[in-house]
Amino acid sequence: VELGASIIYEGNQLVVDTINGDPTHLKKGKPMGTGKNETGDAKTKKREPRGLGIYHGDGEWLLNTAPFSAYPSFLQPILTPLYFLWRYNLDYFRLKGAVKRAIKSFDMIYALLNDTQHEVTYFECPMDMWEAMGLRSLAGISFHDFLDALNLYRDESLEVESDGGSEASWWDWRKWMPGMGCMRSELVTAMTINTYNQNLNQMNGLVGLVAYVTAGGELFSIQGGNHKLLGSALDQAQKIYDSSPCKSSSRQRIQHHQKKITTVVASENSMKLYADEESLGKFDVVILAAPLQQCRVQFLVKNPMGMDESVLHDMPLAGLHDIDSSSTTNEHGQKLFPSPLPPSATVPYTTVTTTLVSNATLNATHFGLNDDDPWPRSILVSERGKLLTGELTTLTILSREQGLMKTFSSEPLDLEKRNTLFGLDHEVEYIQVWGGDENGKYGGATPNFGGGNNSESLPYLLYDGSKHWGKGDAGGGPALYYVNAIESAVAAIEISAIGAKSTAKLVARRLGLIAPTRDGKGRDDEL
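Each chain has its residues counted from 1, following the order in which its sequence is written. Side-chain atom pairs in this predicted model are given and counted only at pLDDT of 80 or more, local residue features only at pLDDT of at least 70, and totals for whole chains, interfaces and linings cover all residues. Only hydrogens and water are removed before side-chain values are computed, so all heavy atoms of the structure are retained for them.

Description of the overall build of the protein chain
As a reminder, the rule being used: The way it works is that DSSP assigns letters per residue, a run of H or I at least four long becomes a helix, a run of E at least two long becomes a strand, and they are numbered from the N terminus. Contacts are assigned to residue pairs with any non-hydrogen atoms lying within 4.5 Å of each other. In short, Shrake-Rupley with a 1.4 Å probe defines the accessible areas, and a residue's cover is counted only from the protein chains shown.
Scanning the protein chain from terminus to terminus reveals 14 helices and 20 strands. Partitioning the intrachain contacts of the protein chain with sequence separation of at least 6 by distance along the chain shows that 69% fall at a separation of at least 24. If you sum the accessible surface of the protein chain, you get close to 26600 Å²; carbon and sulfur atoms cover 52% of it.

Now the structure itself:
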């Protein structure tokens, strides 16, 4: 049972390419949590929950497709989409169209990343990339505001905290038609809470669309867990290097060391890495592939004025500026004072806790169900449902027969809450607090998007030693790059891969391995 995210969209080209590059160790499977991995005899399968439910609290369900499991299996794939079309009608097509347009724009990134000839395809920061794809504006507004622009129906009575948005008119026909629902407050809200543990006011428009892509796209999981991608990518890199003519006979160029980096110290010509007191060597380029808020690494730089190298300063990760008009510069004419980091690099990530239990008996009465009723396999929640279930964001019944269930929640579930949900005889198999320590100081699974207010990103080149030490743009000094700068606007496994490739492209240019040959302004230079 995978404890974290397990669903991958088929359109994620970089992830799919990595899987195709190692078919022996990376194999696709059915999406976990969808009810398609069932095993056992016919009687067991019939009893196992199926479908999706959106719980609103106090025994009320906004949506429940479990009853369709009583119909013949060949009818179920037909009935469920028809039900969604009837319930959400025009809003279903409006949002689907917006997602389709966003995906079309998003897919431009792959051609841009593969282009090494044009200077304009070397994106210095994620916002430049989103701008090139026409998606920059989506990253700076809340998902609610974006849905307002799409004219999606909104029922504020289903929201815990209203922001004073659009109100339904007295003649709203949905009130008089049986079976009508509010797609925004039901399906869309439940999916964003499930994926990012944030509501529509906290999400920005871009990440909201990404969260909804999984509703209509082809999905899969990686057998054995998504973490297998990392080890396979390293092995594939080693094989590519071994088969290339540019090998060094002096040492193995690709190495994997499991060390907890605690300090990075930059000097004029290199960066030195430390694991506590242990020195791990000097490097020309260091790439940080973890959020600044959670990496627990101290970034320091030696005195650039050259007076005393034992004096260390905080590394200016967001560049340098004068604190007032009378401030001075160093001997190289460089500004002395570090600029403040944007909120995307300082605001704590949103916390998520996974709890896996066995020998559990779901308290059907607590959810307004009967033991004989069809149960949904995946239980998502509305805003009110999350509040009334004690910050529960998702409950998946992996096996009713074995009492195996998995939950996501904003906070660890205490014993009383677990007893209420799973009965007195349940056993805790595993609890995972994502990204955090016992105090929660470094906790978090996904960025806090702040409704678009935290979309300003840091550049991929977090520290440029050549400029800091007065060497101009020649690239002669050490450099610190930051893959997770891309997470300010949206976070997903494919987004991390795009950030990594964007960073690798900039590093390769800095090292002289690739170089643009055209500026993209000539008549023959159209992309």
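Quick notes on the packing of aromatic side chains
Applicable threshold: Between the rings of Phe, Tyr and Trp (Trp by its six-membered ring), a pair exists once the centres lie within 6.5 Å; its type follows the angle of the planes, with under 30 degrees stacked, over 60 edge-to-face, and the other angles tilted. Each residue gets one of three labels from its accessible area relative to the maximum for its type: buried under 20%, exposed over 50%, partly exposed in between, using a 1.4 Å probe on protein chains only.
Counted by the stated rule, this structure contains 12 aromatic pairs. Here the aromatic rings of Phe 68 and Tyr 83 are separated by 5.5 Å at their centres, their planes lie at 65°, and the arrangement is edge-to-face. Remark: Tyr 83 occurs in helix H3 (residues 76–106) and Phe 68 occurs in the loop between strand S4 (60–64) and H3; sequence separation between them is 15 residues. Looking at Tyr 83, the relative accessible area reads 22%, which means it is partly exposed. Between Phe 84 and Tyr 88, the ring centres sit 6.0 Å apart and the planes meet at 40°, which makes this aromatic pair tilted.

Quick notes on the sheet that holds strand S14 (residues 353–358)
Within a sheet, adjacent strands bond to each other through the backbone by hydrogen bonds, running parallel or antiparallel. As a reminder of what qualifies: Only strands that DSSP links by at least two bridges are regarded as paired with each other. Lines fitted to C-alpha atoms define the axes, with helix axes restricted to the stretch in contact, and inter-axis angles between N-to-C directions lie between 0 and 180 degrees.
If you walk across this open sheet you meet the 7 strands as S4-S3-S15-S16-S17-S14-S18, and the pairing is mixed. Here the strands that pair on one side only, and so sit at the sheet edges, are S4 and strand S18 (427–433). Across the sheet, the mean angle from the axis of one strand to that of its neighbour is 20°, orientation sign disregarded. With 3 bridges joining them, strand S15 (residues 378–381) and strand S16 (residues 392–399) adopt antiparallel strand pairing. Considered in S16, the bridge of Ile 379 is made with Leu 395.

A closer look at the pairing of strand S6 (residues 263–266)
Where burial is concerned, the two faces of S6 agree: the one with Thr 263 and Val 265 and the one with Val 264 and Ala 266 are both buried. Strand direction decides the pairing type here: S6 and strand S7 (residues 271–275), joined by 4 bridges, are antiparallel. Across the sheet, residue Val 265 finds its bridge partner in S7, namely Lys 272. Hairpin connection from S6 to S7: 4 residues lie between these consecutive antiparallel strands. Note that S6 and strand S10 (residues 298–302) share 4 bridges and pair parallel. Along S10, the bridge assignment pairs Val 265 with Leu 300.

Remarks on the packing of H3 against helix H9 (residues 205–213)
Counted only if it meets this: Here is the rule for angles: anything less than 35 degrees is roughly parallel, anything more than 145 is roughly antiparallel, 65 through 115 is roughly perpendicular, and the remaining ranges are oblique. The nonpolar class holds Ala, Val, Leu, Ile, Met, Phe, Trp, Tyr, Cys and Pro. Asp, Glu, Lys and Arg form the charged class, and all remaining residues, Gly among them, are polar.
Running from amino to carboxyl end, H3 crosses H9 at an angle of 105°, the nearest separation of the two axes being 10 Å. As summarised for this structure, H3 and H9 are arranged roughly perpendicular, according to the angle between their axes. From H3, Tyr 92, Leu 95, Ala 98, Val 99, Ala 102 and Ile 103 reach across to H9, where they touch Leu 209, Tyr 212 and Val 213. A class-by-class count of the residues in the contact of H3 with H9 yields 9 nonpolar, no polar and no charged.

Description of the environment of Leu 230
Here Leu 230 shows up in helix H10 (residues 228–242). Distance from Leu 230 to Thr 18, taken between C-alpha atoms, is 9.5 Å for residues 212 residues apart in sequence.

A look at the pattern of salt bridges
Formally: A pairing counts as a salt bridge when a side-chain nitrogen of Lys or Arg comes within 4 Å of a carboxyl oxygen of Asp or Glu.
Here the structure, examined in full by the defined rule, presents 11 salt bridges. A salt bridge links Asp 91 to Arg 94; its shortest N-O distance comes to 3.2 Å. Taken as a pair, Asp 91 and Arg 94 lie in helix H3 at a separation of 3 residues, close to a single helical turn. For Asp 91, a relative accessible area of 1% corresponds to the buried category. Bridged by salt links that share partners, the residues Glu 119, Glu 124 and Arg 509 form one connected network.

Some remarks on the side chain of His 426
To keep it simple, the criterion reads: Counting of polar contacts relies on pairs of N or O atoms within 3.5 Å, with two restrictions inside protein: one atom must be capable of donating a hydrogen and the other of accepting it, and residues adjacent in sequence are counted only when both atoms are side-chain atoms.
Looking at the secondary structure, you find His 426 in the loop between helix H12 (415–422) and S18. Side-chain polar atoms of His 426 contact the backbone oxygen of Gly 423, separated by 2.7 Å.

Examining the packing of helix H1 (residues 13–20) against helix H14 (residues 493–510)
Remark: H1 packs on H14, axes separated minimally by 8 Å, with the N-to-C direction vectors making an angle of 85°. Relative to H14, the element H1 lies roughly perpendicular. Contact with H1, carried on its side by Gln 13, Leu 14 and Val 15, involves Ile 493, Glu 494, Ala 497, Ile 498 and Lys 501 of H14 and no other residues of that element. Taken together, the residues of the contact of H1 with H14 break down into 5 nonpolar, 1 polar and 2 charged.

Side note on the confidence of the model for the protein chain
Keep in mind that low pLDDT regions are not for reading the predicted coordinates in detail. Using the following cut-off: Every residue gets a pLDDT, meaning the predictor's confidence in that residue, from 0 to 100.
Mean pLDDT over the protein chain works out to 85, with 84% of the residues at or above the 70 mark. Every residue in residues 34–38 scores below 50 in pLDDT, and together they form 11 contacts with partners more than four places removed in sequence or on other chains. Contacts for the low-pLDDT stretch residues 322–328, under 50 throughout, to residues beyond four places or in other chains number 7 contacts.

Topic: the environment of Ala 132
Mapping Ala 132 onto the fold places it in helix H5 (residues 126–132). Between the C-alpha atom of Ala 132 and that of Thr 121, which follows or precedes it by 11 residues, the distance is 9.0 Å. Setting aside residues no more than four positions away along its own chain, Ala 132 makes contact with Met 108, Leu 112 and Phe 123.

Considerations on unusual backbone geometry
For Asp 58, which is not glycine, the phi torsion reads 55° and is therefore positive. Tracing the backbone through its elements, the reader meets Asp 58 in the loop between strand S3 (52–57) and S4. Under the relative-accessibility criterion, Asp 58 is labelled exposed at 66%. For Asp 276, which is not a glycine, the phi torsion comes out positive at approximately 55°. Following the sequence through the fold, Asp 276 ends up in the loop between S7 and strand S8 (278–283). Residue classification places Asp 276 among the exposed residues on the basis of a relative accessible area of 57%.

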